[in-house]
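Structure assessment
The primary structure of each chain is shown beneath.
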Amino acid sequence: MAGSWGRFNIVSLVLGFAFLYLPIVLLVVYSFNESRLVTVWAGFSTKWYVSLFSNRGLMDAAWVTARVAFLSATVATVLGTMAAVALTRYTRFRGRLLFSGMVFAPLVMPEVITGLSLLLLFVAMNFDRGFFTVTIAHITFSMCFVAVVVQSRLVTFDESLEEAALDLGATPARAFFQVTLPVILPAVIAGWMLAFTLSLDDLVIASFTSGPGATTLPMKIYSQVRLGVTPEINAICTILIGIVAIGVIIASIVTKRQEIQRRRDEQAVA
Amino acid sequence: MGRFLSALAGRFVIAVPYLWLLVFFLAPFLIVFKISLSEPAIAMPPYQPVFDFAQGVKTLIDRIGDLSFANYLWLTGDPLYRNAYLSSIWIAGVSTAITLAVGYPIAYGMARAPASVRPTLLMLVILPFWTSFLIRVYAWIGILKPEGLLNQFLLYLGVIDQPLVILNTTTAIYIGIVYSYLPFMVLPLYAALEKMDNSLIEAARDLGCPPLAAFWKVTFPLSLPGIVAGCMLVFIPAVGEFVIPDLLGGSETLMIGKTLWNEFFNNRDWPVSSAVAVVLLLILVVPIAFFQRSQARAREAEK
């Protein structure tokens, strides 16, 4: 019903998107500000970006964050996909209710609780806090997001395809990797990206579970923000926004192409 | 042979994520609960190195024999905590209502948009969600400050002649929560509204129902699952929110997430912060269970 897309709807969309985007746009604009004062425009300058790269602490934190995010997103994608398969394929097994509860609860669990409880676990297990404890913590909460994303794709997947492969003598692993995985791949990739950005963003859980030598970028940004707002933080935020935006745009182009390809294939079959 | 392998694969696929979540999600809660019952006096002295820290907790766990509810009594006795819980629930509730009021027209406009634009609009809603939470909250500091952009703009327009004090007030927390959680509200609402059969509205209109009444009697009830999901997705994490009250709120606004953080990082009182976490969890158990049931039902309906 394109005709009923009235003025009210357009106005609410414009206002809504302005609200969503204006703060981010302002943040980006003021990262190019000449003045030390974030809110007073004094001309265009990229000097904050230059000073950023000579900031050793920030660069170290960025490197730690990138490694944590990459490793945790990869493991979380494997575990989350398994969890999604378990939840969609096996409707009856002992403890399924507990399992599905544990998959969905972290989605809404306040981060302070997750962070504190994981820290106490690591201390009880006598784990040295640092890179690996942050990574484990990130795997744990982001695998649940992956599971939800993959599950939504799996429910629409025709199971008889995989059964056919099994009947034709494929091992379960082969049937999964050659039949199911290619179909759900866009969702798996989306899940990986989501896990990656969740890890990149996380301040609270990382603060609890991290130890000396494993300061992540959000922790660094947070401690600087507490000291005051500076254009340098705007600059690093702008870079992060840029990376994420490019990633999302590439991903959406890829999935769109795949969608078109899939439709073409389906039409060819029909 | 194939059946056997298949069953084995099934076991494996279930067992690995299951074990992971048992160890790293469920077990930690039990430890939190245990520690919350230990004497506050055994709490680690502040500035000890990590190794002794670990030993401290070990002996602490060994001495679980003498459980004590002192921390909980302390929590209920101290008005600071009670107020923090109550104001967290209040702030989260009010913010959820505002988010719903802001998000509904957006989701409605999206669902009524021509089908060709919808994917783009959807992506525009999701995109801010991908950018860091911390960054989005930080962006508001520059806007809401007394010498910030909003005040400059309003002064320029002549609407006000004194800068408004918004940063470090509860209003700033509301703005921060509504802004940060808006995508969580819009997405389930949009999903519910988009699925809706438009002919229902047309039928109502044909039968002489005025537009507003048609919305209220047809569209709104049909979007209820989306409303419930959206409200839960905003309310539950907002109750325990830390970053927003810490960066945007003032010292007079107590929220429990911030209290827990201070108790842990500043006072280093692990037993009390564990007790704070357990009580927070108990408060949230009902909405979380409710959320899970509605999710499960939605999933069933999809099949």
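How each quantity is defined
- Residues numbered from 1 in each chain as written.
- Chains lettered and ligands numbered in written order.
- Predicted model: local features only at pLDDT ≥ 70, side-chain atom pairs only at ≥ 80, totals over all residues.
- Helix = DSSP H or I, 4+ residues; strand = E, 2+ residues; numbered from the N terminus.
- Buried ≥ 20, exposed ≤ 12 C-beta atoms within 10 Å, placed from the backbone.
- Contact = placed C-beta atoms within 7 Å.
- UniProt positions renumbered as here; feature names shortened; annotations may be inferred.
- Nonpolar A, V, L, I, M, F, W, Y, C, P; charged D, E, K, R; others polar.
- Core = buried A, V, L, I, M, F, W, Y, C linked by C-beta atoms within 7 Å.
- pLDDT = per-residue confidence, 0-100.
- Expected span 1.5 Å × (residues − 1).
- Axes fitted to C-alpha atoms, helices over the stretch in contact; angles between N-to-C directions.
- Left-handed = near helix turned anticlockwise from the far one by under 90°.
- Parallel < 35°, antiparallel > 145°, perpendicular 65-115°, else oblique.
- Bend = angle between axes of the 7 residues up to and from the residue.

Let's shift gears to the overall build of chain B. Secondary structure summary: chain B contains 14 helices and zero strands in total. Reading the helices (α) and strands (β) of chain B from amino to carboxyl end gives α-α-α-α-α-α-α-α-α-α-α-α-α-α. For chain B, buried positions account for 42% of its 303 residues. Considering only contacts within chain B whose residues lie at least 6 apart along the sequence, 76% involve residues at least 24 apart.

This part covers the overall build of chain A. When its secondary structure is counted, chain A shows eleven helices and zero strands. Mapped in sequence order, the helices and strands of chain A form the string α-α-α-α-α-α-α-α-α-α-α. When its C-alpha atoms are laid out on the principal axes, chain A stretches across 70 × 65 × 35 Å.

Right, let's get into the UniProt feature "domain: ABC transmembrane type-1" (unreviewed entry) in chain A. Feature annotation in UniProt places "domain: ABC transmembrane type-1" (unreviewed entry) on residues 62-254 of chain A, given in this structure's numbering. As annotated, residues 62-254 of chain A has a helix share of 82% and a strand share of 0%, and its two end C-alpha atoms lie 27 Å apart.

Between chain B and chain A, the contact holds 82 residues from the first and 72 residues from the second. Ranked by residues supplied to the side of chain B that touches chain A, first place goes to helix α1 (residues 2-36) of chain B with 21 residues. A per-class count over the side of chain B that touches chain A returns 60 nonpolar, 16 polar and six charged.

All right, on to the UniProt feature "transmembrane region" (unreviewed entry) in chain A then. All names here are of chain A. UniProt feature "transmembrane region" (unreviewed entry): in the numbering of this structure it lies at residues 12-32, 61-85, 97-125, 131-154, 175-195 and 233-254. Strand forms 0% of residues 61-85 and helix 100%; the C-alpha atoms that close the span are 35 Å apart. Between the C-alpha atoms that bound residues 175-195 there is a distance of 26 Å. The span itself is 100% helix and 0% strand.

Below, the discussion takes up the nonpolar core. One finds Leu116 of chain A together with Tyr138 of chain B to be the most contacted residues of the largest nonpolar core, which totals 162 residues. Excluding its chain neighbours within four sequence positions, the residues that come into contact with Leu116 of chain A are Phe208 of chain A together with Val32, Leu260, Phe264, Ser273, Ser274 and Ala277 of chain B.

Below, the discussion takes up the confidence of the model for chain B. Residues and elements named next belong to chain B. Counting all residues, the mean pLDDT for chain B is 82, and 87% of those residues have values of 70 or more. For residues 41-54, every residue scores under 50 in pLDDT, and the model assigns this stretch 16 contacts once sequence neighbours within four places are set aside. For this predicted complex, the interface confidence reaches an ipTM of 0.85, while the overall pTM sits at 0.84.

This part covers the environment of Ala7 of chain B. Its location among the elements puts Ala7 of chain B in helix α1. Put simply, Ala7 of chain B and Val276 of chain B are 269 residues apart on the chain and 43 Å apart in space, counted from C-alpha to C-alpha.

Okay, helix α5 (residues 111-124) of chain A next. Think of an α-helix as 3.6 residues a turn; residues three or four steps apart then line up on the same face. All names here are of chain A. Its 14 residues give α5 an end-to-end C-alpha distance of 20 Å, which sits within 8% of 20 Å, the value for a rise of 1.5 Å per residue. Most of α5 is tucked away: 13 of the 14 residues are buried. Positive phi appears at Asn126, one or two residues downstream of α5, with a value of about 65°.

The angle between the axes and the distance between the axes are what describe a pair of packed helices. All names here are of chain B. Contact geometry of helix α9 (residues 198-206) with helix α10 (residues 211-222) gives a least axis separation of 10 Å together with a crossing angle of 145°. With respect to the hand of their crossing, α9 and α10 are arranged in right-handed fashion. Residues Leu200, Ile201, Ala204 and Arg205 of α9 lie in contact with α10, whose contacting residues are Ala214, Lys217, Val218 and Thr219. Among the residues making up the contact of α9 with α10, the classes are represented as five nonpolar, one polar and two charged.

Quick look at the packing of helix α4 (residues 79-112) of chain B against helix α8 (residues 170-195) of chain B now. Residue and element names in this part refer to chain B. It is at 6 Å that the axes of α4 and α8 come closest, and there the two elements cross at 45°. It follows from the interaxial angle that α4 and α8 lie oblique. Read as a crossing pair, α4 and α8 show a hand that is right-handed. Classifying every residue of the contact of α4 with α8 by side-chain character gives 22 nonpolar, four polar and one charged.

One non-glycine residue with positive phi stands out, namely Asn126 of chain A, at about 65°. The topology assignment puts Asn126 of chain A in the loop between α5 and α6 (131-154).

Our next topic: α8 of chain B. Residue and element names in this part refer to chain B. For α8, with 26 residues, the first-to-last C-alpha span of 37 Å sits near the 38 Å given by 1.5 Å per residue. Of all the bends in α8, the greatest, near 50°, is centred on Tyr181, and the proline Pro183 appears no more than four residues after it. Burial runs high along α8: 19 of the 26 residues are buried.

What follows covers the environment of Ile283 of chain B. All names here are of chain B. Note that Ile283 resides in helix α14 (residues 270-302). Among the residues examined, Ile283 registers 17 C-beta atoms within 10 Å and is labelled partly exposed. C-alpha separation for the pair Ile283 and Val13, spaced 270 residues apart in sequence, amounts to 33 Å.

This prediction gives chain A a mean pLDDT of 86; 97% of its residues lie at or above 70. Confidence, read as mean pLDDT per element, is least for helix α11 (residues 231-269) of chain A in chain A (80) and greatest for helix α9 (residues 204-209) of chain A (93).

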